[in-house]
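Chain and residue survey
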Amino acid sequence: MSGRKNSQLWSRLRVLCCSGLDVMSIAPDAFAIVHELVPNAASALFLTSHEGVQEATFHEDCPASVQELCISETGIFDGPGEIGPLQMIAPPDAPKIGQLLAPPREYFSSNTYQLLVRGCGHHYTLDARLEVDGRRHGLIALFREPGLAFDSRDVESISRIALHFEHAIQACLSPRIELHGVVEQEALIVSNADGELLYLSPRASALLDEVPLAGPQWRNRRALPPGCKRLIDILRDGEQYPWKMPSCSIPLPGARLNVSAHWLAVAGTSPVQAGQAAADRGLVGITLKRMMPTSLRVWRNLNTVPLSPQQLEVAFWMASGGGRDAVRKNMSISDAVLRDCVKVIYEKLECSSQAELMAVLHTAR
């Protein structure tokens, strides 16, 4: 890989991980870059608590049979001799990078290797634990087929990649403004007051399948995801949650899922009667909206524009809605260089103002 292309790839990854988007939402796009930096057959992101409890997972090209195994038979990966994501995250004295570069012999007879790694068609694993301010948040893993081992250059690259993912995690730990986006899909679910699914459309079922919650976070797939179930509590007892609305947002790989809840009642009744009747019957309507965050769409659209790394970053911050002030806040750049960058950006995208730039880069391509 040429030095110039390598520099452009690292710049694109940095802009994406500095965007303020949730790390799960950017995972597919980030891994597309990682594939070019460290060639691999598939990449995976495992998010956990500090104690190693699994919370969410995104695994590229994972067969449905392996996914089902991870949901229904998690206990078989926790026994003696197992070295999986959770075992690699929890021990505080474990290496941060490359725990499976040279695993012990018994690893290759474990359920983790035979059913998960080999089950996906892989043999080698290059891993990096994700930590922010001394707390563990999960790990990223790259996989390769037999005969294609990782080397020291790959280890150096994944160490740097992990820093970018950690920055994305840290940005989402601090308060931030609500992200805007475009609705890509909508669907409706009907549940009872206990959060058990009663009716759902095929589209709603497909959207729920995208939710990356894993392990104990969501064992019962016949019930709503945990965050959604809490919306019913807010709906039922508004006085206990005076500052809460029955809505939430769940990160998806490459998007976000906005969820809102409301009572369902027989048509034709007054609003007050309808609300009381619905609460008595315990029927809840759950609206699902798959959103493409605006800044992620901007970033994707910029991938096809021939700009230098600096010009790309300027265009990203301007089109994300902050204009030149956002560029100055997020980049160390003089006004003269900023003017030159803006001139080139406008020429490449055939526009003459920030409003036109936003219109071009906010549109699906």
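Residues numbered from 1 in each chain as written. Predicted model: local features only at pLDDT ≥ 70, side-chain atom pairs only at ≥ 80, totals over all residues. Heavy atoms only, no water.

**Comments concerning the layout of surface pockets**
Going by this rule: Cavity: a set of points on a 1 Å grid over the protein atoms alone where a 1.4 Å probe fits but cannot get out. Pocket: an open set with protein on both sides within 12 Å along at least five of seven lines, its lining residues, like those of a cavity, having an atom within 4 Å of a point. Grid points are joined across faces, edges and corners, and a volume is the space filled by probe spheres set on the points. Secondary structure counts use DSSP, requiring at least four H or I residues in a row for a helix and at least two E residues in a row for a strand, with both numbered from the N terminus. When residues are sorted by character, Ala, Val, Leu, Ile, Met, Phe, Trp, Tyr, Cys and Pro go into the nonpolar class, Asp, Glu, Lys and Arg into the charged class, and all the rest, Gly among them, into the polar class.
Counted as a void, the largest pocket has a volume near 1100 Å³. Secondary-structure elements contributing two or more residues to the lining of the largest pocket are strand E2 (54–59), helix H3 (64–72), helix H4 (85–89), helix H5 (111–117), strand E4 (135–144), strand E6 (197–200) and helix H7 (202–210). Tallied by class, the residues present in the lining of the largest pocket amount to 29 nonpolar, twelve polar and five charged.

**What about the pattern of salt bridges?**
We apply this condition: Salt bridges are counted wherever a side-chain nitrogen of Lys or Arg sits within 4 Å of a carboxyl oxygen of Asp or Glu. Buried residues are those whose accessible area, probed at 1.4 Å on protein chains only, stays under 20% of the maximum for their type, while exposed residues exceed 50% and partly exposed ones sit between those limits.
What the rule picks out here adds up to twelve salt bridges. Among the salt bridges present, the one from Asp325 reaches Arg328, with a minimum N-O distance of 3.3 Å. Residue Asp325 and its partner Arg328 are located together in helix H11 (residues 309–330), separated by three residues, close to a single helical turn. Note on Asp325: relative accessible area 57%, which makes it exposed. Given a relative accessible area of 38%, Arg328 falls into the partly exposed group. In this structure, Arg328 and Asp335 form a salt bridge, with 3.2 Å as the shortest nitrogen-oxygen distance. A residue is classified by how much of its surface remains accessible, and Asp335, at 41% relative accessible area, is partly exposed. Salt bridges sharing partners connect three or more residues here, namely Glu184, Glu210, Arg290 and Arg297.

**Considerations on the sheet that holds strand E7 (residues 247–252)**
Convention followed: A strand pair is defined by DSSP finding two or more bridges across the two strands. Every angle, taken between N-to-C directions, lies between 0 and 180 degrees, and every axis is a line fitted to C-alpha atoms, over only the stretch in contact when it is a helix. Contacts: residue pairs with any heavy atoms within 4.5 Å of one another.
Judged by pairing direction, the sheet is antiparallel, and its five strands sit side by side in the order E6-E5-E9-E8-E7 without closing on themselves. The open sheet is flanked by E6 and E7, the only strands paired with a single partner. Strand-to-strand twist in this sheet, taken as the mean axis angle between neighbours without regard to direction, amounts to 30 degrees. Docked against the sheet, helix H2 (residues 23–37) engages E7 and strand E8 (255–263), running at close to 25 degrees with respect to E7.

**Things to note about the packing of aromatic side chains**
To keep things clear, this is the line we draw: Each pair of aromatic rings taken from Phe, Tyr and Trp, with Trp reduced to its six-membered ring, is defined by centres within 6.5 Å and is described as stacked if the planes are under 30 degrees apart, edge-to-face if over 60, and tilted in the remaining cases. In our convention, an over-ring charge means Lys NZ or Arg CZ found within 6 Å of a ring centre and within 35 degrees of that ring's normal.
Using the criterion set out here, one finds six aromatic pairs in the structure. Ring centres of Phe108 and Tyr113 lie 5.0 Å apart, and the angle between their planes is 80 degrees; this geometry places the pair in the edge-to-face category. Looking at Tyr113, the relative accessible area reads 8%, which means it is buried. Seen from the ring of Trp10, Arg160 lies directly overhead, with NZ or CZ sitting 4.0 Å from the centre.

**Focus: the nonpolar core**
Counted only if it meets this: We call a set of buried Ala, Val, Leu, Ile, Met, Phe, Trp, Tyr and Cys residues a nonpolar core when their side-chain atoms join them within 4.5 Å.
Grouped together as the largest cluster of nonpolar side chains are 61 residues, with contacts concentrated most on Leu45, Ile140, Ile161, Phe165, Val314 and Leu357. Residues Leu208, Ile232, Leu252 and Leu288 belong to the second largest nonpolar core, which totals 22 residues.

**Some remarks on the sheet that holds strand E1 (residues 42–48)**
Taken in spatial order, the four strands of this open sheet run E2-E1-E4-E3, and their pairing is antiparallel. Two strands in the sheet have a free side with no partner beyond their single neighbour: E2 and strand E3 (124–132). The average undirected angle you get between the axes of adjacent strands in this sheet is 15 degrees. Of the pairings in the sheet, the one linking E1 to E4 comprises six bridges and is antiparallel in character. The partner of Leu47 across the bridge, within E4, is Gly138. Sitting on the sheet, H2 touches E1, E2 and E4, and the angle it makes with E1 is about 150 degrees.

**Structural notes on the pairing of E8**
Two elements, E7 and E8, share six bridges in a ladder whose sense is antiparallel. Note on E8: the bridge partner recorded for Ile250 is Leu257. In sequence, E7 turns back onto E8 through a hairpin of two residues, with Gly254 there showing a positive phi of about 85 degrees.

**So, the confidence of the model for the chain**
Our working definition: Across the chain, each position has a pLDDT score giving the predictor's confidence in that residue, from 0 to 100.
Put simply, the chain has an average pLDDT of 85, and 89% of its residues get 70 or more. Highest mean pLDDT in the chain belongs to H2 (96); lowest belongs to helix H9 (residues 271–281) (51).

**Concerning the pairing of E4**
Counting buried positions along E4 yields nine of ten residues, so the element is predominantly enclosed. Relative to E4, E3 runs antiparallel, the two sharing nine bridges. If you follow Glu131 over to E4, its bridge partner there is Arg136. Following E3, the chain reverses through two residues before pairing antiparallel with E4; Asp133 in that reversal takes a positive phi of roughly 55 degrees.

**A look at unusual backbone geometry**
Negative phi is the rule for most residues except glycine; trans is the rule for most peptide bonds. One non-glycine residue, Asp61, lies in the positive phi region at around 50 degrees. Within the fold, Asp61 resides in the loop between E2 and H3. For Asp61, a relative accessible area of 67% puts it in the exposed group.

**Remarks on the packing of helix H12 (residues 335–349) against helix H13 (residues 354–361)**
For clarity, the cut-off: These descriptions rest on fixed angle ranges, namely under 35 degrees for roughly parallel, over 145 for roughly antiparallel, 65 to 115 for roughly perpendicular, and the rest for oblique. In this scheme, a crossing is called left-handed if the near helix is turned counterclockwise away from the far one by less than a right angle; it is called right-handed if the turn is clockwise.
One way to put it is that H12 packs onto H13 with a least axis distance of 11 Å and a crossing angle of 50 degrees. Between H12 and H13, the interaxial angle falls into the category oblique. Remark: the crossing between H12 and H13 carries left-handed chirality. Along the contact surface, H12 presents Ile345, Tyr346 and Leu349, while H13 presents Gln354, Leu357, Val360 and Leu361. When the residues that make up the contact of H12 with H13 are grouped by side-chain class, the tally is six nonpolar, one polar and no charged.

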